[in-house]
Amino acid sequence: MERSFNRISKTLKMPEESRERVRAQLASYAANQEVIHMRKTNLKKFIPLTAAAIAILSLTLAAAVIAPQFRNDIIVNSVDDIPDPASTNAPSMAAITAPNGNPPSTLEEITESDRFKSDGWLSKETIHGANVLGYGTWDDVEILDNDAPVRSRRVSRTDGAVKVEYTAENPIDLVETLTGRVSFDLSWMDGHYDYVPDANFSYVITDPEGNYAGEVFYALYAKRDKSGYIRVELDYTAEKEPLSPSYIVDGSYETAYYYTTPEGYEFLIQLHKGHVWVKCSTNYTGVGLYGAHLTRDEVEDILDNLSLSIQ
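The text that follows walks through the structure, step by step, so that each part is easy to find.

Basis of the calculations
- Residues numbered from 1 in each chain as written.
- Predicted model: local features only at pLDDT ≥ 70, side-chain atom pairs only at ≥ 80, totals over all residues.
- Heavy atoms only, no water.
- Helix = DSSP H or I, 4+ residues; strand = E, 2+ residues; numbered from the N terminus.
- Contact = heavy atoms within 4.5 Å.
- 1 Å grid on protein atoms, 1.4 Å probe; cavity = no way out; pocket = protein on both sides within 12 Å on 5 of 7 lines; lining within 4 Å.
- Points joined across faces, edges and corners; volume = space filled by probe spheres on them.
- Nonpolar A, V, L, I, M, F, W, Y, C, P; charged D, E, K, R; others polar.
- Buried < 20%, exposed > 50% of the residue type's maximum accessible area, 1.4 Å probe, protein only.
- Arc of directions from axis to C-beta.
- Pairing = 2+ DSSP bridges.
- Axes fitted to C-alpha atoms, helices over the stretch in contact; angles between N-to-C directions.
- Phe/Tyr/Trp six-rings, centres within 6.5 Å; stacked < 30°, edge-to-face > 60°.

Bringing the overall build of the protein into the picture now. Across its full length, the protein holds eight helices and 15 strands. Sequence separation of at least 24 residues holds for 61% of the intrachain contacts in the protein that already meet a minimum separation of 6.

In structure tokens, the structure reads:
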């Protein structure tokens, strides 16, 4: 059974985490193999695969289906490991990412930046920007509600595109403003970190024909002792993002590694001189954290308790 598993897993190029998960599943199947064989004897001539072999195929094929959805930066040992764009199968463009050496912003600085929308809620100066290509500039704004716990406004363009924006004192109230294409739970964050009042926003964009185009969510939290902070970030687009692969040369960051949440989502975690970058990227979605002065254990605790789900 182990030899069959090794042969199949190598063919599918499974990550080591998936291999270990499948091996654990197989251990339980092995314990019950004799019972399964006795109950299904009359099916042997029609189904040559044993129950354990079926389990191998099911689990390995599931891993093969899930793995390609992630488009996180690729960690390589050296620049020489990056595919040559001139080769037949390599992409025409590629980028190498590395830290710039600047220290992270202070909590005061990031708070001022992230309150830009909220503090300028009544101003047309704050209506611009979007995560959808071609929707960066807007023309007008209508305040829908400026007194409720969740404030809202309608930002529009002359071509008929609309962006409905929201902000709140507590970002946990903003989760319901999203469409559900990506869902997560901020209850654990609310119990372990202090939300920064009004340093948050969300929006949903529809195109000139009224079709869904994308959405965004940002929320800033501070450590209880104010020694660090973390921003929860989400963007989702209806159209596939035309992203070229990016590479990270191992050693350019103090810490860079992949982490898989209990729900099976792969994040790239990068820590460097106080900076914290965390991202799970797919063809349509980016879910991540940005912050300062958190340990890898603190970052993993946050990811484990987001209860993330991506459609």
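Before going further, it helps to examine empty space enclosed by the protein. Enumeration according to the criterion identifies one cavity of 30 Å³ or more in this entry. Estimated volume of the largest cavity: approximately 30 Å³. Looking at the largest cavity, the residues that line it are F184, V232, E233, L234, V287, L306 and L308. Element by element, the count of residues in the lining of the largest cavity is highest for strand β9 (residues 229-237), at three residues. For the lining of the largest cavity, the residue count by class is six nonpolar, no polar and one charged.

Turning our eyes to something else, we now look at helix α8 (residues 296-304). Residues separated by three or four positions in an α-helix point in the same direction, a consequence of the helix having 3.6 residues per turn. All buried positions along α8 are accounted for by V299, E300, I302 and L303. All buried residues of α8 lie within an arc of 155 degrees about the axis, which places them on one face of the element. Each element contacted by the buried residues of α8 is listed here: α7 (187-192), β9, β11 (255-260), β12 (266-272), β13 (275-281) and β14 (285-292).

Our focus in this paragraph is the sheet that holds β14. Neighbouring strands of a sheet are bound in pairs by backbone hydrogen bonds; such pairs are parallel or else antiparallel. Taken in spatial order, the ten strands of this open sheet run β3-β4-β5-β7-β8-β9-β14-β13-β12-β11, and their pairing is antiparallel. With partners counted over all chains shown, the strands left at the sheet margins are β3 (140-145) and β11, one partner each. Between one strand axis and the next, the sheet turns by 15 degrees as a mean value, whatever way the strands run. Looking at chain direction, strand β5 (residues 162-168) and strand β7 (residues 194-206) are connected through five bridges and run antiparallel. Opposite E165, over in β7, you have Y203 as the bridge partner. Each of β9, β11, β12, β13 and β14 is contacted by α8, which is oriented at about 25 degrees to β11, the strand it contacts most.

Okay, the pairing of β9 next. Of all the nine residues making up β9, eight are buried; the element is thus mostly covered by neighbouring parts of the structure. Bridge count between strand β8 (residues 212-222) and β9: nine bridges; the pairing is antiparallel. Following the sheet pairing, Y218 is matched in β9 by E233. Hairpin connection from β8 to β9: six residues lie between these consecutive antiparallel strands, with K226 at a positive phi of about 65 degrees. As defined by bridge partners, β9 adjoins β14 across eight bridges and the pair is classed as antiparallel. Bridging from a neighbouring strand, I230 pairs with G291 of β14.

The final tally for this structure, using the stated rule, is eight aromatic pairs. Seen in terms of ring centroids, F184 and F217 are 5.2 Å apart; in terms of plane orientation they differ by 65 degrees. Their pairing is edge-to-face. Residue F184 is found in the loop between β6 (182-183) and α7, and its partner F217 is found in strand β8; the two are separated by 33 residues along the sequence. The exposure classification of F184 matches that of F217, with both residues buried. Aromatic side chains W188 and Y193 sit 6.3 Å apart centroid to centroid with 55 degrees between the ring planes, which places their arrangement in the tilted category. Exposure remark for Y193: the relative accessible area of 6% places this residue in the buried category. Ring pairing ties together the aromatic residues F201, Y203 and Y218, which thus form one cluster.

Next up on the list: the sheet that holds strand β2 (residues 95-96). Strand order in the open sheet formed by three strands is β1-β10-β2, and the pairing between neighbours is parallel. Across the chains shown, the open sheet's two edge strands, defined by having one partner strand only, are β1 (74-76) and β2. Pairing analysis gives two bridges linking β2 to strand β10 (residues 246-249), with the strands arranged parallel. Following the sheet pairing, I96 is matched in β10 by Y247.

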